[in-house]
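One-letter residues, chain by chain:
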Amino acid sequence: MTRRTETVPPDYFAGIYASDADPWRFTSSDYERDKYAATLAALPRARYRSAFEPACSIGVFTHALAGRCDRLFATDLVPSAVDAASARCADRPNVEIRQGAVPADWPEGRFDLIVLSEFLYFLAPPDLAVLVRRIGDAIEPGGDIVLVHWLGVTDYPQSGDAVAEAVIAQAAPFAGLQHQSRTAEYRIDVLRAGSTT
């Protein structure tokens, strides 16, 4: 399978959501349920002051993560996904969801938690490098960066393993690896800002 060489364009995702409101079965798959539980379990702290979750899709994990955050800002590039996420999180007043694609639409402010789950492999290496720089500018000292990546074969610009290792390497000047876990289907990597290896 030949990999894409450019970042996957917004139209690709808009088309997926146009034909299916829950294209990756976030609300029903055992994989997603188990991965969400493992991601929450991997968070080093019980509570965070201000978190950012880009590419939140329809907000299933967002809703769960909100219980661990004083404030959670989330984005997605597909308007229908943003609408679904906003509706799902309507009972979470600490959640704000907007349309936007990273790295271009990176929010202002600082965060003590940034969760990057199952979308970084859609980015070509130059866009990934910009995103890592944005993380470095936005993460508070001592803040946590959580990477979650599916390990299956795709035509995306990067594999799950390759993109996770690239982020870890590029973030080394400002964050160090604290924890890794792996299943046959996905990996979770936790980095802490100000702890370099």
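Worth saying up front: this structure is predicted, and the values here are computed from it rather than measured.

## A closer look at the environment of Asp-20
Within the element layout of this structure, Asp-20 appears in the loop between α1 (10-19) and α2 (30-42). Assessed through its relative accessible area of 23%, Asp-20 is described here as partly exposed. There is a polar contact of 2.9 Å between the side chain of Asp-20 and the backbone nitrogen of Asp-22.

## A look at helix α4 (residues 79-88)
Within α4 the residues assigned to the buried category are Ala-81, Val-82 and Ala-85. What you see down the axis of α4 is that its buried residues fit within an arc of 100°, all on one side. In this structure, α4 carries Asp-83 and Ala-87 as exposed residues pointing more than 90 degrees from its buried face. Structurally, α4 contributes buried residues whose contacts are with α1, β2 (69-76) and β3 (95-99).

What counts and what doesn't
Residues numbered from 1 in each chain as written. Predicted model: local features only at pLDDT ≥ 70, side-chain atom pairs only at ≥ 80, totals over all residues. Heavy atoms only, no water. Helix = DSSP H or I, 4+ residues; strand = E, 2+ residues; numbered from the N terminus. Buried < 20%, exposed > 50% of the residue type's maximum accessible area, 1.4 Å probe, protein only. Polar contact = N/O pair within 3.5 Å; in protein donor to acceptor, adjacent residues only side chain to side chain. Arc of directions from axis to C-beta. Contact = heavy atoms within 4.5 Å.

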